[in-house]
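What follows is each chain in one-letter form.
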Amino acid sequence: MSKCSALLSLTFMIWLPALAAAPAPLVNSLGMPFVPIPAGEFMMGSDESPAALAQAWPAYDLKRFTDIGDEAPVHRVRITRPFYLGQTEVTVGQFRRFLEASGYIPESVADGTGAYGYNPAYDPATTTRGDAFEGRDSKYSWRNPGFAQDDSHPVVNVTWNDAVAMADWLSRSEGHVYRLPTEAEWEYAARAGTRTRYHSGDAPASLLNVANVFDADAAQNWKKWADYALDGRDGHAFTAPAGSYAPNAFGLHDMHGNAWEWTADWHDDGYYAISPVDDPTGPATGSVRVRRGGSWHTWSFYARASFRNWNTPDTRYTLVGMRLLREAD
Ligand SMILES: [Ca+2]
Ligand SMILES: [Ca+2]
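Residues numbered from 1 in each chain as written. Chains lettered and ligands numbered in written order. Predicted model: local features only at pLDDT ≥ 70, side-chain atom pairs only at ≥ 80, totals over all residues. Heavy atoms only, no water.

**Student:** Summarise the sheet that holds strand 13 (residues 325–327); cite the residues concerned and give the values.
**Tutor:** Reading across from one edge, 1-2-5-13-8 is the order of the 5 strands in this open sheet, with antiparallel pairing throughout. The strands lining the two open edges of the sheet, one partner per strand, are strand 1 (26–27) and strand 8 (178–179). Here strand 5 (residues 83–86) runs beside strand 13; their pairing, made up of 3 bridges, is antiparallel. Paired with Y84 across the two strands is R326, which belongs to strand 13. Contacts from helix 7 (residues 183–191) reach strand 2 (33–37), strand 5, strand 8 and strand 13, with the element oriented near 75° to strand 5. (Pairing = 2+ DSSP bridges. Helix = DSSP H or I, 4+ residues; strand = E, 2+ residues; numbered from the N terminus. Contact = heavy atoms within 4.5 Å. Axes fitted to C-alpha atoms, helices over the stretch in contact; angles between N-to-C directions.)

**Student:** So what's going on with empty space enclosed by the protein? Residues and values would help.
**Tutor:** Evaluation of the coordinates by the stated rule reveals 2 cavities of 30 Å³ or more. What lines the largest cavity is M32, P33, F34, G86, Q87, T88, E89, V90, Q94, R323 and L324. The residue inventory of the lining of the largest cavity, partitioned by class, reads 5 nonpolar, 4 polar and 2 charged. A volume near 30 Å³ is recorded for the second largest cavity. At the level of secondary structure, the elements contributing two or more residues to the lining of the second largest cavity comprise helix 7 and helix 9 (271–274). The class makeup of the residues in the lining of the second largest cavity is 5 nonpolar, no polar and 3 charged. (1 Å grid on protein atoms, 1.4 Å probe; cavity = no way out; pocket = protein on both sides within 12 Å on 5 of 7 lines; lining within 4 Å. Points joined across faces, edges and corners; volume = space filled by probe spheres on them. Nonpolar A, V, L, I, M, F, W, Y, C, P; charged D, E, K, R; others polar.)

**Student:** Which residues make up the coordination of the calcium ion (ligand 2), and what values go with them?
**Tutor:** Those protein atoms acting as donors to the calcium ion (ligand 2) are E89 (OE), D254 (O), G257 (O), A259 (O) and E261 (OE), and they sit at 2.3 to 2.5 Å. Residue classification places D254 among the buried positions, given a relative accessible area of 1%. (Donors = N, O, S within 2.8 Å, 3.2 Å for Na, K, Ca; no water. Buried < 20%, exposed > 50% of the residue type's maximum accessible area, 1.4 Å probe, protein only.)

**Student:** Account for the sheet that holds strand 12 (residues 320–321), naming residues and giving values.
**Tutor:** Sheets are built from strands that pair by backbone hydrogen bonding, the pairs being arranged parallel or antiparallel. Spatial ordering of the open sheet is given by 11-10-9-12, a layout of 4 strands whose pairing is mixed. This sheet does not close on itself; its edge strands, each paired only once, are strand 11 (308–311) and strand 12. As paired strands, strand 9 (residues 260–266) and strand 10 (residues 289–292) are joined by 3 bridges and run antiparallel to one another. Bridge pairing links W262 to R291 in strand 10.

**Student:** Requested: an account of the confidence of the model for the chain, with residues and values cited.
**Tutor:** When the pLDDT values of the chain are averaged, the result is 93; 93% of them are 70 or greater. The secondary-structure element of the chain with the lowest mean pLDDT is helix 1 (residues 3–20), recorded at 42, while strand 9 shows the highest, at 99. A low-confidence stretch, residues 1–20 (pLDDT under 50), is modelled with 2 contacts involving residues beyond four sequence positions or located in other chains. (pLDDT = per-residue confidence, 0-100.)

**Student:** Now, about the packing of aromatic side chains: what can you tell me, with residues and values included?
**Tutor:** The geometry of an aromatic ring pair is captured by the separation of the ring centres together with the interplanar angle, meaning the angle of the planes. Under the counting rule described, the total for this entry stands at 30 aromatic pairs. Between F42 and Y188, the ring centres sit 5.4 Å apart and the planes meet at 50°, which makes this aromatic pair tilted. Here Y188 lies in helix 7 and F42 lies in strand 3 (residues 40–44), a separation of 146 residues in the sequence. Comparing F42 with Y188, the two get one shared label, buried. With centroids separated by 5.8 Å and ring planes inclined at 55°, the aromatic side chains of F98 and W169 adopt a geometry described as tilted. Taken together, the residues span a long stretch of sequence, with F98 in helix 4 (residues 92–102) and W169 in helix 6 (residues 160–174) at a distance of 71 residues. Members of the aromatic cluster, joined through ring pairs, are W57, Y60, F65, W225, Y228, W260, W299, F301, Y302 and F307. When the ring centre of W260 is taken as reference, the NZ or CZ atom of R291 above it lies at 4.5 Å. (Phe/Tyr/Trp six-rings, centres within 6.5 Å; stacked < 30°, edge-to-face > 60°. Lys NZ or Arg CZ within 6 Å of the ring centre and 35° of its normal.)

**Student:** Any chance you could break down the pattern of salt bridges for me, citing the residues and the numbers?
**Tutor:** Going through the model one piece at a time under the given rule, you end up with 19 salt bridges. Among the salt bridges present, the one from E48 reaches R197, with a minimum N-O distance of 2.8 Å. Taken together, the residues span a long stretch of sequence, with E48 in the loop between strand 3 and helix 2 (50–56) and R197 in the loop between helix 7 and helix 8 (216–219) at a distance of 149 residues. Judged by its relative accessible area of 29%, E48 is partly exposed. Residue classification places R197 among the buried positions, given a relative accessible area of 12%. (Salt bridge = Lys/Arg side-chain N within 4 Å of Asp/Glu carboxyl O.)

**Student:** I'd love a proper account of the nonpolar core, names of residues and values included.
**Tutor:** Residues F95, F133, M166, W222 and L324 are the most contacted members of the largest nonpolar core, which totals 57 residues. At the level of elements, helix 4, helix 6, helix 8 and strand 9 are the ones that each hand at least two residues to this core. For this core, the leading source of residues is helix 6, giving 7 residues. With near-sequence residues (within four places) excluded, F95 lies in contact with V90, P106, W142, V155, V158, D162, M166 and M322. A189, A190, A192 and L252 belong to the second-largest nonpolar core, a separate cluster that totals 20 residues. (Core = buried A, V, L, I, M, F, W, Y, C linked by side-chain atoms within 4.5 Å.)

Put into structure tokens, the structure is as follows:
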């Protein structure tokens, strides 16, 4: 190497960290940080065999691994436009500021039926549905999921319609386009260049550094599911303050765990087989909207980047929150 090129590479090395540093997040009128996500392409979905999954999750019934056909086929998706994505889930404080500024009444309050909540005295076995939480009950709402949350925690018990209302209000009041991410945008952002089950790798235990999922702390309150808990503690038996765990390569926190996140798309089991390559937006019609990423109460298998779950747009639940997208101008 000549002196000149040695000097050049030294200069390059000195400058590299500065060049590689993530750009500062954009912060909007409600104090919500948004991270720039570049355009790009990725392989969406999963076609892992039940045998491979059973090896990673020996405590699970085999049927769980054959019930996820909607994750296949793995298919190439191109995200043609860069966008901004919430660095974290929408927090309780951000949602409250939205309600105060807009006058919007969340669906669980407006329809009077309330939401779901944690009640230590409630026994799932005594109910027909065997649901893990008590509800619906008007004592529960975004304000009260039955466990303590301060303004930094992800808001839960919010419906898909609530999420769209918040995005629409932000769009009107700021003059930028806000919306829910499509499923493809969500998975692209969650993977951040990885092909593994989680952005932290394939091992469920790798989630301990990056995600609040069903762990030994959460299992204290649901002892009969302790076999499904990650073997570790993060000090949070319920939601954790948004952004508490290590981010992925795009600088996004809590893409796995903490609160499920509504996406824009309708769900259809067969959609991946006919999905366009460029900017897929999901089926044209449907009855249920997709949510992604798992929650503080979700077993690690269901927090995988490719896992899809869904609910009707008026569903409100202790585990379901949102993350908003802002389009690049
Ligand atoms: Ca936890
Ligand atoms: Ca999440």
